[in-house]
Amino acid sequence: MNKQKIYILIPLIILAVAFFLIGSFLIFVTAAEYRPKAVENADIKRGSKKSVLNTDENFKVLNWNIGYCGLDAKNDFFYDGGKNVTARSMDAVLHNLESVKNILNKNLSSFYLIQEIDLKSKRSFYINQKQALTDFFTDYDSVFAANYDALIVPAPVSNPLGRVKSGVFTLSGYEIAKAERLQLPGSFSWPLKTVNLKRCILVSEIKTDVPNKNLYMINLHLSAYDADGVLRKQEMEFLQNLALKFYNEGHWVIAGGDWNSLFPGVEKNRFMPYNTPEEFLEWIEYSPSDFIGKEWKWCFDNSVPTVRLLEKPYVKGENYTTVIDGFICSPNVEIIGVNNIDLNFEFSDHHPVLAEFKLLK
């Protein structure tokens with residue numbers, strides 16, 4: 001074989017090998033894709049000694065996206081324009097996790113709605129945060145629903161996110177009679193969907209002292225990085241239909257979590273100053289004020305931001321901040337009060353939201 005033919009064959013062989021490797025990877029991630037059913041029963045870990053919620057008593061709900069205990073004030077994140085893919089270190093994750101436990105315990109509540117809690121993820125050094133909180137709150141029922149379960153996320157190419165298993169987690173001081181993971185509509189196209197989130201809501205049924213009337217506590221984490229708003233629109237319509245179904249049947253409904261959109265009345269530039277480039281704010285949308293109904297009540301605190309962007313480590317007055325974490329409740333739920341717990345984003349890129357409610361008969 002002469003040299004000219006060799007020079008022609010070498011790039012063809014390299015190209016063939018590249019196509020083979022890419023094709024093999026796409027086959028692998030497609031075969032390994034997490035494919036949850038539309039409705040799945042969620043396993044309940046028992047711990048609560050309280051069988052019913054008394055309607056004569058006020059109760060507190062704390063909502064917090066804990067950022068897998070890796071997105072503390074010293075970290076940035078590549079999806080937001082930063083550089084880091086994982087937490088800074090295992091010690092940082094363990095420190096943040098311990099701080100989360102202490103803050104939750106200090107702000108004692110009947111219910112805790114947690115988002116972005118990792119079970120087995122490279123980004124958080126494979127620390128099982130769900131197990132840690134379950135073991136800490138032994139007097140609570142607990143339930144988990146996965147919304148991200150990928151064997152390998154190949155982005156960014158230079159340092160892949162890798163294995164991710166994460167989701168939403170609910171702790172209840174009252175017995176959870178039933179819990180379901182409901183798949184939200186909409187998805188990315190292939191092959192992106194094979195390694196991306198499968199958004200869901202976690203619905204916990206709580207019995208009350210009123211026969212045949214339950215409290216439905218909904219834990220949610222809606223889509224981000226959805227510039228055209230298609231996914232979030234479908235998710236909001238799904239939530240609307242579900243919430244109205246429960247309410248029209250005579251029940252109480254509280255939905256809380258990370259909405260990834262601004263609450264009605266919270267202006268985009270509510271918290272000034274900031275110098276985050278506008279190109280990183282394309283995800284911002286407003287939640288419709290009456291998307292369930294005019295009598296439904298938004299419950300949030302706009303005096304303190306609940307989220308900051310991660311294009312760089314946190315510096316107050318430089319990173320963009322706003323309010324996207326909170327609740328909506330049915331007309332038969334009274335809001336006693338709500339406040340954001342200002343931690344200066346020390347342990348997560350989100351702040352906890354603590355609200356107090358009462359069920360109206």
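This report concerns the structure included in the present document. This is a predicted model, so every value here is computed, not measured.

## Topic: the nonpolar core
Membership of the largest hydrophobic core comes to 28 residues, with the highest contact counts inside it found for Trp64, Leu104, Tyr112 and Ile114. Where this core is concerned, the elements lending two or more residues are strand 3 (59-65), helix 2 (90-106), strand 4 (111-118), helix 3 (129-136), strand 5 (141-153) and strand 6 (162-172). With five residues, helix 2 is the largest single contributor of residues to this core. In this structure, Leu113, Cys200, Ile254 and Cys329 belong to the second largest nonpolar core, which totals 27 residues.

## Observations regarding helix 2
Under the 1.5 Å per step criterion, the end-to-end length of helix 2 is 24 Å for 17 residues, consistent within 8% with the ideal 24 Å. Every buried residue of helix 2 is accounted for by Ala92, Val93, Asn96, Leu97, Ser99, Val100, Lys101, Ile103 and Leu104. Considering only its buried residues, helix 2 is in contact with strand 3, strand 4 and helix 3.

## Remarks on the sheet that holds strand 14 (residues 325-329)
Spatially, 1-7-8-9-10-14-11 is the arrangement adopted by the seven strands of the open sheet, whose pairing is mixed. What marks the edges here is a single partner per strand, and that holds for strand 1 (39-41) and strand 11 (297-299). Here the average twist between neighbouring strands, direction ignored, is 20 degrees. By the bridge criterion, seven bridges tie strand 7 (residues 176-183) to strand 8 (residues 200-207) in an arrangement that is antiparallel. Its bridge partner lying in strand 8, Gln183 is registered against Cys200.

Thresholds, definitions, all that
- Residues numbered from 1 in each chain as written.
- Predicted model: local features only at pLDDT ≥ 70, side-chain atom pairs only at ≥ 80, totals over all residues.
- Heavy atoms only, no water.
- Core = buried A, V, L, I, M, F, W, Y, C linked by side-chain atoms within 4.5 Å.
- Buried < 20%, exposed > 50% of the residue type's maximum accessible area, 1.4 Å probe, protein only.
- Helix = DSSP H or I, 4+ residues; strand = E, 2+ residues; numbered from the N terminus.
- Expected span 1.5 Å × (residues − 1).
- Contact = heavy atoms within 4.5 Å.
- Pairing = 2+ DSSP bridges.
- Axes fitted to C-alpha atoms, helices over the stretch in contact; angles between N-to-C directions.

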